[in-house]
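Architecture and fold: a report
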Amino acid sequence: MKNLLVSFYLVSILLGICFKNFAQTTIDDCNITWTSQSKNSSESMPCGGGDIGLNVWVENGDLLFYIARSGTFDHNNSLLKLGRMRVKLSPNPFENGNSFSQTLVLKDGNVVIKGKKGKLESAIKIWVDVFHPIIHVDIQSNQKTQMVVAYESWRQEDRILKGKENNQNSYKWAPQSIIKTLKDNVSFEDNNLLFYHQNQNELSAFDVTVKQQGLDSLKRFLYNPIKDLTFGGFIEARNCNAIGTTLGKYQDTDFKAWNFQSKNKSNSHEVNIYLHTEQSEKLGNWQNELIKLMFENQGIIKINQKNTENWWQNFWNQSYIFINNESAKDKSTWEIGRNYQSFRYQLACNYFGKYPTKFNGGLFTVDPSHTDSTLKFTPDFRNWGGGTHTAQNQRLVYWGMLKSGDVAMMKPQFDFYLNILKNAELRTEFYWKHKGASFTEQLENFGLPNPAEYNWKRPKDYDKGMEYNAWLEYEWDTVLEFCLMMLETERYEAKNINEYVPFIESCLTFFDEHYQYLARNRGSKALDGEKHLILYPSSGAETYKMAYNSTSTIAALKTVLSRLLALPKGYLSQEKREHWEAMLQRIPSINFRTFEGKTTISPAKHWERINNSECPQLYPVFPWGMYGIGKAGLDTAINTYLYDVDAQKFRSHIGWKQDNIFAARLGLTAEASRLTLLKLQNAPRRFPTFWGPGYDWTPDHNWGGSGMIGLQEMLLQTDDKKIYLFPAWDKRWDVHFKLHAPYQTTIEAVLKNGKIESLIITPESRQKDVVLMLR
C-alpha cells in the first residue's frame with residue numbers, strides 16, 4: 001500500500017501542472033447561461049456575496065432583481081426582503097432583440113446579461129461586494145441609451161396577514177391577535193433614495209413568546225435580537241433625476257415604485273445600493289453608519305470589485321467536485337457535479353452572514369404562488385418562518401462545509417447558538433431548577449420555543465418548559481450535532497474553539513441533569529440498575545415518540561463526549577475531564593432488533609408511536625459515525641439499511657431525506673449512486689439547484705445540503721486519521737475533486753476510465769493514512 005501511494009504521488013508531481021488552472025477552467029464550464037428571457041420571478045438566477053442574495057431575471061425587456069440580506073427580521077420575526085429593483089434602457093436591446101444571454105459567472109461570483117438589437121449592444125453586470133454590503137449594477141452599451149430605474153416596495157403601507165400567510169412569521173397557524181407587516185420608510189434624498197424598516201415599540205414575537213411561556217420575570221435578562229432592529233439602505237443612481245412615484249402590481253402583490261431617469265443618454269450607467277442593518281434605539285445611529293459605508297467606499301469600486309473576484313476565485317480553488325464533463329454521453333452525472341458547484345455558490349452568498357442560511361429558501365425565495373398556487377402572498381413569504389430555527393433541517397445545510405473546506409462559513413450557524421445560550425440556560429433554571437442549556441427542535445432566534453409549536457391550547461398543569469406538541473415533545477438532541485460540528489472544526493483546521501467549549505458543556509450538562517431530574521420525579525433513583533441515565537421520555541427525531549433510550553440521543557451523547565475528551569491539552573482542566581469521563585460512563589448502550597433473522601440497530605429500547613418518517617436508527621451511521629467503513633458492526637448497520645421495514649418504507653431522495661448519505665457511509669455504491677442522481681438532478685425549475693419545496697420551501701437548502709454531503713461521502717470518508725478514498729464511488733464516473741479531511745489535510749484526485757491518474761495528499765505525511773477503496 002505504501003509503495004502504491006508513493007507511485008501515485010510521483011505521478012501527481014508529473015501531472016501537477018494540470019492542477020494549477022484546472023479548477024478555474026472547469027468552474028467556467030459550470031456557468032449557467034440562458035439564451036431567452038424569463039417569464040417571471042420563478043425563473044430567476046441567484047447572485048450574491050457576503051450576506052446578500054439577489055434573484056435576478058429579465059422579463060419583457062426589463063431587468064429585475066429581489067434583494068435579500070441575512071438577519072432582516074421584523075417585529076413578527078418574518079425575514080423580510082429589502083425590495084425589488086427594475087431597470088429599463090431606451091432604446092432597449094432586450095426588447096424584441098436579435099440575441100440575449102444571461103450568465104451566472106461562478107469564478108467571479110456575478111451575473112452578466114447581454115443583449116443585441118440591430119446595431120445596439122448592451123451588457124449589464126450585477127455583482128455584490130463580498131467585503132462590504134453593496135450591490136453594483138454596471139451597464140455598458142456601444143450606443144448611447146437612457147436608463148430608467150425603479151425601486152419597488154410592497155410595504156408601502158401596513159399589511160394585515162391572514163391565514164397561512166402567518167407561516168412566514170413566528171405565529172404560524174396560531175396568531176393571538178391581528179398581525180400586521182408594518183410599512184417601510186422610503187423617501188427621495190435629492191436624486192437618491194433612502195429606504196428602511198424599523199422595529200420600534202410594537203408588541204413583538206419576542207414579547208408574546210416570553211409572556212406565553214411565563215418568563216416575564218426574566219425578560220430584562222433575555223437576549224432579544226429583534227428589538228430596535230433597523231435594516232435598509234441607500235440607492236445611488238448615478239447621473240439620474242428622481243421623477244416621482246407610480247403604483248403597480250407584480251404577480252399577486254401591489255407595489256409602489258420610486259423612479260429615476262438618467263439625466264442624459266450615455267454609453268454607461270451605474271447603480272449602487274448600500275445596505276446597513278443595526279440594532280439601535282436611535283435611527284440616527286443607523287443612518288450614520290450607512291453614510292460611513294458610502295463615504296468609505298467612494299472611488300474604490302474597481303478595487304472592491306477586484307478583491308471580490310479574487311475572493312471568489314480562491315473560494316473555487318479551495319474545493320470542488322467535477323464529474324465527467326459536459327460532452328460526456330451521460331449528462332446526468334455531469335449535472336450532479338455542476339449542481340454541486342452551483343449549490344455551493346448559493347451557500348457562499350451568506351458566507352459572512354450574521355445569521356445562518358435558512359433551510360427554507362436561504363436568501364433566494366420569490367413570489368410564493370410559484371411554489372404553491374394557492375399562496376397569493378407577498379415576496380416576503382416563506383413557509384416555516386423567518387426567525388424560527390428548525391434544527392433537524394439546519395444541520396444538513398452545514399455538515400458539508402467541513403469537507404468543502406468552508407469552516408469559516410459555519411460561523412453564522414455557530415454564532416446563532418452562542419447568542420441564545422444564556423436564554424436557553426435561564427429557561428432551564430427557571431422551569432426545572434437545574435443547570436444546562438435546553439434547546440428545543442423548533443426555536444426562535446432568541447432561543448425560546450416557537451410559540452405556535454409550544455402550543456397555546458395546552459393542559460394547565462403541563463410542564464411549562466415543554467412544547468405540547470406530538471412531533472416535537474422531548475426532542476432536544478439535534479443541538480448536539482452542532483456541538484460536534486464545532487468540535488470538528490478543531491480537528492479539521494486546528495481552529496481554536498475555546499469560545500465553543502462552554503456551549504458544548506452546557507448542552508451536555510442539560511442531558512445529564514435533566515434526565516436524572518425526570519427519574520427522581522418518577523421514583524427514588526436517578527439512574528437505572530446499571531448506573532446509566534434513563535433517557536425517558538426521549539425522541540428518535542420526530543418519528544419514534546415517547547421513546548425509552550432513543551438511539552439517536554445515545555449515539556449523540558457518546559460521540560460528543562468522546563470528541564470533547566479527545567481535544568488537545570489545554571481545553572479541559574483535570575477536574576472537567578474527570579467529570580465528562582464519568583458522564584460518558586453513564587450513557588446507556590444502543591439497542592438492537594431483528595428482521596428476517598438479521599440483527600439491526602433499533603431506534604430505541606421502546607417507543608409509544610411513530611409520528612414522522614425519519615430514520616434515526618441510522619443516525620449512528622450519520623451523523624455520529626459510530627458505524628461505517630473500517631469500523632466494527634458495519635454488517636449490523638448495513639442490515640438496518642437493507643432489512644429494517646421502517647427504513648425501507650421511509651426511504652426517499654426528497655427534501656431532508658438522507659438515505660443517500662447512509663448508503664455512501666455504508667459503502668453501498670449502487671444505492672448511493674442511485675439516490676445521489678435523484679437528489680442532485682436538475683430541479684424542476686429554470687435554475688437547476690432551486691429544488692423544492694420538498695417538505696419545506698423553495699429553494700430547499702436542506703435538499704441541496706444533504707445531496708452535497710452524500711456526494712462527498714461517496715468520494716471520501718475519514719475515521720480519526722484514516723482516510724478512505726472512493727468508499728462508495730462508481731468507477732464509471734470520471735471525477736476530479738479536491739476535498740478536505742481532518743488534521744489540515746487536503747486530497748486532490750483525478751479518476752478517469754476507472755483508474756486513478758493523479759493523487760495529491762497534502763501534507764505528504766498523511767499519505768500513510770490513505771486507504772484506497774476503489775472497486
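**What about the overall build of the chain?**
From N to C terminus, the chain includes 19 helices and 31 strands. Here the C-alpha atoms of the chain give a radius of gyration of 27 Å, agreeing with the 28 Å that 2.2 N^0.38 yields for 775 residues. Projected onto its principal axes, the C-alpha coordinates of the chain cover approximately 85 × 70 × 45 Å. Among the 775 residues that make up the chain, the fraction classed as buried is 65%. For the chain, the accessible area works out to roughly 28,400 Å², and carbon and sulfur atoms hold 50% of it. Considering the chain, the positive charge centre built from 90 side chains and the negative charge centre built from 84 side chains are found 2 Å apart.

**Describing the pairing of strand S30 (residues 755-762)**
One ladder, built from seven bridges, connects strand S29 (residues 745-752) with S30; its direction is antiparallel. Each residue of the ladder has a partner; that of Lys752, found in S30, is Lys755. Adjacent in sequence and paired antiparallel, S29 and S30 are bridged by two residues, among which Asn753 carries a positive phi angle near 55°.

**Here we look at the sheet that holds strand S26 (residues 716-719)**
Spatial strand order, S26-S27-S31: three strands in an open sheet with mixed pairing. Both edges of this open sheet fall to S26 and strand S31 (770-772), since each of them pairs with a single strand only. Within this sheet the neighbouring strands show an average axis-to-axis angle of 25°, counted without direction. Note that S26 and strand S27 (residues 722-725) share four bridges and pair antiparallel. Bridging across to S27, Gln717 finds its partner in Tyr724. Across the face of the sheet, helix H19 (residues 701-715) comes into contact with S26 and S27 while running at roughly 75° to S26.

**What about helix H11 (residues 479-493)?**
Taking 1.5 Å of rise per residue, the 15 residues of H11 would be expected to cover 21 Å, and the 22 Å separating its terminal C-alpha atoms lies within 8% of that figure. Across the 15 residues of H11, 14 count as buried, placing the element largely inside the fold. Two residues or fewer after H11 comes Ala494, characterised by a positive phi angle close to 55°.

**Remarks on the packing of helix H9 (residues 411-432) against helix H12 (residues 501-522)**
In contact at an axis separation of 11 Å, H9 and H12 are set at 20° when each is read in the N-to-C sense. In terms of their interaxial angle, H9 and H12 are classed as roughly parallel. Where H9 crosses over H12, the handedness of that crossing is left-handed. Of the residues in H12, those in contact with Tyr417, Leu418, Leu421, Glu425, Thr428 and Trp432 of H9 are Phe503, Ser506, Phe510, His514 and Tyr517.

**Description of helix H7 (residues 331-348)**
With 18 residues, H7 should reach 26 Å at 1.5 Å per residue; the first-to-last C-alpha distance of 26 Å fits that figure. Most of H7 sits out of view: 15 of its 18 residues are buried.

**Things to note about unusual backbone geometry**
Cis geometry is found at the peptide bond from Ser90 to Pro91, where omega equals -5°. Its place among the elements puts Pro91 in the loop between strand S5 (83-90) and strand S6 (99-105). In this model, Phe622 is joined to Pro623 through a cis peptide bond whose omega is 10°. Summarising the element assignment, Pro623 is placed in the loop between strand S25 (609-610) and helix H15 (634-643).

**Some points on the packing of aromatic side chains**
Inspection of the entire model under this criterion finds 48 aromatic pairs. Relative to Phe352, the ring of Phe131 lies with its centre 6.5 Å away and its plane at 35°, an arrangement referred to as tilted. Of the two residues, Phe131 is situated in the loop between strand S8 (120-128) and strand S9 (134-153) and Phe352 in the loop between H7 and strand S19 (388-390); the sequence distance between them amounts to 221 residues. Accessibility expressed as a relative area gives 45% for Phe131, which makes it partly exposed. Seen in terms of ring centroids, Trp311 and Tyr351 are 5.0 Å apart; in terms of plane orientation they differ by 85°. Their pairing is edge-to-face.

**A look at the sheet that holds S29**
With antiparallel pairing, four strands are arranged side by side in an open sheet as S18-S28-S29-S30. Here the strands that pair on one side only, and so sit at the sheet edges, are strand S18 (320-323) and S30. Going across the sheet, the axis of each strand differs from the next one's by a mean of 15°, ignoring polarity. Here seven bridges tie strand S28 (residues 735-741) to S29, and the two strands are oriented antiparallel to one another. Each bridged residue has a counterpart across the sheet, and for Leu739 the counterpart in S29 is Ile747. Strands S18 and S28 of the sheet are contacted by H7, whose axis makes an angle of about 160° with S18.

**Thoughts on the environment of Leu680**
Inspection of the secondary structure assignment puts Leu680 in the loop between helix H18 (669-679) and H19. Classification of Leu680 as buried rests on a relative accessible area of 1%. When near neighbours in sequence (up to four residues on either side) are disregarded, Leu680 contacts Glu335, Ile336, Asn339, Trp691, Gly704, Gly707, Met708 and Leu711.

**Some details on the pattern of salt bridges**
Under the counting rule described, the total for this entry stands at 36 salt bridges. Its salt-bridge partner being Arg69, residue Asp51 comes within 3.0 Å of it at the nearest N-O pair. Of this pair, Asp51 sits in the loop between strand S2 (45-49) and strand S3 (52-59) while Arg69 sits in strand S4 (residues 62-69); the two residues are 18 residues apart in sequence, bridging distant segments of the chain. One network of salt bridges, with partners in common, ties together Asp62, Arg84, Arg86, Lys88, Glu95 and Glu152.

**Overview of the environment of Thr209**
Checked against the element boundaries, Thr209 lands in helix H4 (residues 205-212). The buried category is assigned to Thr209, whose relative accessible area is 0%. When near neighbours in sequence (up to four residues on either side) are disregarded, Thr209 contacts Phe446, Leu448, Pro449 and Pro451. At a separation of 2.7 Å, a polar atom in the side chain of Thr209 contacts the main-chain carbonyl oxygen of Ala205.

**Quick word on the side chain of His514**
Within the fold, His514 resides in helix H12. Judged by relative accessible area, His514 falls into the buried class, the value being 0%. Those residues in contact with His514 that sit more than four places away from it in its chain are Trp432, His434, Trp476 and Thr509.

**Thoughts on the nonpolar core**
Grouped together as the largest cluster of nonpolar side chains are 195 residues, with contacts concentrated most on Phe439 and Leu480. Look past the residues within four positions of Leu480 in its chain and what remains in contact with it is Cys507, Leu508, Phe511, Ala556, Leu557, Val560 and Trp624.

**Digging into the environment of Asp129**
With respect to the element layout, Asp129 can be found in the loop between S8 and S9. Sequence separation between Asp129 and Gln305 is 176 residues; the distance between their C-alpha atoms is 6.7 Å. Among all residues touching Asp129, those that are not within four sequence positions of it are Gly49, Ile134, His136, Asn304 and Thr308. Among the polar contacts listed, one links the side chain of Asp129 to the side chain of Thr308, at a separation of 3.5 Å.

Thresholds applied
Throughout this document, residue positions are counted from 1 along each chain, in the order its sequence is written. Per-residue local features are limited, in this predicted model, to residues with pLDDT of at least 70; the limit for side-chain atom pairs, both in listing and counting, is 80 or more; totals at the level of whole chains, interfaces and linings are taken over all residues. Remark: hydrogens and water are excluded; side-chain values derive from all non-hydrogen atoms of the structure. Strands here mean DSSP runs of E at least two residues long; helices mean DSSP runs of H or I at least four residues long; both are numbered from the N terminus. For the radius of gyration, the atoms used are the C-alpha atoms, and the globule rule reads 2.2 Å times the number of residues raised to 0.38. Under the scheme applied here, a residue whose accessible area is under 20% of the maximum for its type counts as buried, over 50% as exposed, and between as partly exposed, the area being computed with a 1.4 Å probe on protein chains only. Each accessible area is a Shrake-Rupley result for a 1.4 Å probe, and residues are judged covered by the shown protein chains and nothing else. Charge counting treats Lys and Arg as positive and Asp and Glu as negative, with His and both chain ends excluded. A charged residue contributes its charge at one atom only: NZ of Lys, CZ of Arg, CG of Asp or CD of Glu. Between any two strands, pairing holds if DSSP finds at least two bridges. Fitted lines through C-alpha atoms serve as axes, helices being fitted only where they are in contact, and the angles separating the N-to-C directions of these axes extend from 0 to 180 degrees. Between two residues, a contact is recorded if the distance between any of their heavy atoms is within 4.5 Å. By definition here, a helix of n residues has an expected span of 1.5 Å times n minus one. Oblique is the label for any angle not under 35 degrees, not over 145, and not in the 65 to 115 range, which are roughly parallel, roughly antiparallel and roughly perpendicular in turn. Handedness of a crossing follows from how the near helix is turned relative to the far one, being left-handed for an anticlockwise turn of less than a right angle and right-handed for a clockwise one. Between 30 and 60 degrees the pair is tilted, below 30 it is stacked and above 60 it is edge-to-face, where a pair is any two Phe, Tyr or Trp rings, Trp via its six-membered ring, whose centres lie within 6.5 Å. The salt bridge definition used is simple: a Lys or Arg side-chain nitrogen within 4 Å of an Asp or Glu carboxyl oxygen. What qualifies as a polar contact is a pair of N or O atoms within 3.5 Å, subject to a donor-acceptor requirement within protein and to the restriction that residues adjacent in sequence count only when both atoms come from side chains. As used in this record, nonpolar core signifies buried Ala, Val, Leu, Ile, Met, Phe, Trp, Tyr and Cys residues forming a set joined through side-chain atoms within 4.5 Å.

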